[in-house]
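Breakdown of the fold
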Amino acid sequence: QVQLVESGGGLVQAGGSLRVSCAASGNIFRINDMGWYRQAPGKQREWVATITSGGSTNYADSVKGRFTISRDNNKNTVYLQMNSLKAEDTAVYYCAADINQGGTYWGQGTQVTVSS
């Protein structure tokens, strides 16, 4: 049984910073791509950032230059450092990971609220 658990969400003022984490646990042999998605109220879930097992990263244009994705392969954990936060970054943030080449696993989500 594989599980992803996010943590680190919360309330922050516009212009501030926040880091969310996502730890994978269970019967894990290999984790390929890991990523972050978000879903704002009334909107569809959107992709935010991805990091490969080798450390290559990609970002949505809306967060490029403000967010940084990283991972610790020893801890099976992916992070999202969010700087210069805007009200429009408010959303539930979900992590996703390709684990054991068995498909994509999702976390339960963590709320990030940016007050203007």
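Look up a bit, the structure's there.
Here's what I pulled together on the structure shown here. Computed from a predicted structure; not experimentally measured. (Residues numbered from 1 in each chain as written. Predicted model: local features only at pLDDT ≥ 70, side-chain atom pairs only at ≥ 80, totals over all residues. Heavy atoms only, no water.)

**Concerning the environment of Val-12**
Residue placement: Val-12 occurs in strand β2 (residues 10–13). For the pair formed by Val-12 and Ile-51, sequence separation is 39 residues and the distance between their alpha carbons is 25 Å. Not counting the four nearest positions on each side in its chain, Val-12 is found in contact with Ser-17, Leu-85, Thr-113, Val-114 and Ser-115. (Helix = DSSP H or I, 4+ residues; strand = E, 2+ residues; numbered from the N terminus. Contact = heavy atoms within 4.5 Å.)

**Here we look at the environment of Thr-77**
Here Thr-77 shows up in strand β8 (residues 77–82). Each C-alpha atom of the pair Thr-77 and Leu-4 lies 9.0 Å from the other, and the pair is 73 residues apart in sequence.

**Digging into the packing of aromatic side chains**
In the structure shown here, the tally under the stated rule is one aromatic pair. Positioned above the aromatic ring of Tyr-94, the side-chain terminus of Arg-45 is 3.7 Å from the ring centre. In this arrangement the basic side chain of Arg-45 is found over the ring face of Trp-106, its NZ or CZ atom lying 4.8 Å from the centre. (Phe/Tyr/Trp six-rings, centres within 6.5 Å; stacked < 30°, edge-to-face > 60°. Lys NZ or Arg CZ within 6 Å of the ring centre and 35° of its normal.)

Geometry only, nothing functional implied.
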